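# Report on the structure
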Amino acid sequence: MYFPSNIRSQHLRYNIDRNSERRILEWSKADTMLYDFFNRTLWARIRAQGKDFYRDLEIFRKKQKELYNNCVVEGAVDNSDRRQNRLVLVANATTFCRLLRLKDSDYWRLLTQRQMMASLRRMNFTFTLH
């Protein structure tokens, strides 16, 4: 489950001309080749999964929609940061909803702290603050 993050604000999206597009693709040739290779590999694996993949995908999409219905105010966008738009959570959002909305850096910090505390508990490490 996920919420999209770092959604660039519409006013910061730019159209580029064909020449610029061609130059960018040329500069990023290795990236493009890697993308194409893994994209082909992905679709080969999806074909190998057969109908099971599409059944699982449908289940995932239903769960994702359920998550949005329970967590997000429909149509509302937090644009307090000019560079990106963020989803607005319902007033009584669960902890799970709030965790999904965290920025990557904040989530990473929280995860690291929790792992550190769990490690300290396993080692029976105690400390006091003065």
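Residues numbered from 1 in each chain as written. Predicted model: local features only at pLDDT ≥ 70, side-chain atom pairs only at ≥ 80, totals over all residues. Heavy atoms only, no water.

## Considerations on the pattern of salt bridges
- All chains considered together, the criterion is met by 5 salt bridges.
- Note that Glu21 and Arg18 form a salt bridge whose closest N and O atoms lie 3.5 Å from each other. Here Arg18 and Glu21 lie together in helix H1 (residues 18–27), a separation of 3 residues that amounts to about one turn.
- On the basis of relative accessible area, Glu21 is assigned to the partly exposed category, the value being 35%.
- Linking Arg22 and Glu26 is a salt bridge whose minimum nitrogen-to-oxygen distance equals 3.8 Å. Here Arg22 pairs with Glu26, and both are found in helix H1, just 4 residues apart, close to one helical turn.
- Under the relative-accessibility criterion, Glu26 is labelled exposed at 55%.
- Taken together, the salt bridges that share partners define one network made up of Asp52, Arg55 and Asp56. (Salt bridge = Lys/Arg side-chain N within 4 Å of Asp/Glu carboxyl O. Helix = DSSP H or I, 4+ residues; strand = E, 2+ residues; numbered from the N terminus. Buried < 20%, exposed > 50% of the residue type's maximum accessible area, 1.4 Å probe, protein only.)

## Some points on the confidence of the model for the protein
- When the pLDDT values of the protein are averaged, the result is 88; 98% of them are 70 or greater.
- Looking across the protein, the model is least confident in strand E1 (residues 7–8), with a mean pLDDT of 72, and most confident in helix H2 (residues 29–49), with 96. (pLDDT = per-residue confidence, 0-100.)

## A closer look at the layout of surface pockets
- If you add up the space inside the largest pocket, you get close to 270 Å³.
- Along its surface, the largest pocket is lined by 17 residues, and Phe3, Leu99, Leu100, Arg101 and Leu102 are the ones closest to its centre.
- Of all elements in the fold, only strand E3 (84–89), helix H4 (95–101) and helix H5 (104–122) reach the threshold of two or more residues within the lining of the largest pocket.
- Looking at the lining of the largest pocket, the element that brings in the most residues is E3, giving 4 residues.
- Partitioned by chemical class, the residues of the lining of the largest pocket number 9 nonpolar, 4 polar and 4 charged. (1 Å grid on protein atoms, 1.4 Å probe; cavity = no way out; pocket = protein on both sides within 12 Å on 5 of 7 lines; lining within 4 Å. Points joined across faces, edges and corners; volume = space filled by probe spheres on them. Nonpolar A, V, L, I, M, F, W, Y, C, P; charged D, E, K, R; others polar.)

## Let's talk about H2
- The first and last C-alpha atoms of H2 sit 30 Å apart over 21 residues, in line with the 30 Å expected at 1.5 Å per residue.
- Where H2 ends, the next residue or the one after it, Gly50, has phi of about 70 degrees, a positive value. (Expected span 1.5 Å × (residues − 1).)

## Focus on the state of the cysteines
- The full count for this structure, using the stated rule, is 1 disulfide.
- Across the disulfide from Cys71 sits Cys97; the S-S distance is 1.7 Å. Disulfide Cys71 to Cys97: torsion about the S-S bond roughly -55 degrees, handedness left-handed. With a gap of 26 residues between them, Cys71 in helix H3 (residues 51–71) and Cys97 in helix H4 connect regions that are remote in the sequence. (Disulfide = S-S within 2.5 Å.)

## Observations concerning the nonpolar core
- If you look at the biggest cluster of nonpolar residues, it comprises 10 residues: Phe3, Leu67, Cys71, Val72, Leu87, Leu89, Val90, Ala93, Cys97 and Leu100.
- Secondary-structure elements contributing two or more residues to this core are H3, E3 and H4.
- Not counting residues within four places of it along the chain, the set of residues in contact with Val90 comprises Asn70, Cys71, Val72 and Val73. (Core = buried A, V, L, I, M, F, W, Y, C linked by side-chain atoms within 4.5 Å. Contact = heavy atoms within 4.5 Å.)

## A few points about the sheet that holds strand E2 (residues 72–78)
- Across the sheet, which stays open at both edges, the 3 strands sit in the order E1-E3-E2 with antiparallel pairing between neighbours. A strand with exactly one partner marks an edge of an open sheet, and here the two such strands are E1 and E2.
- Taken together, the 3 bridges between E2 and E3 define a ladder with antiparallel strand orientation. The residue bridging Asp78 from the neighbouring strand is Arg86, located in E3.
- Lying on the sheet, H3 is in contact with E2 and E3; it crosses E2 at an angle near 70 degrees. (Pairing = 2+ DSSP bridges. Axes fitted to C-alpha atoms, helices over the stretch in contact; angles between N-to-C directions.)

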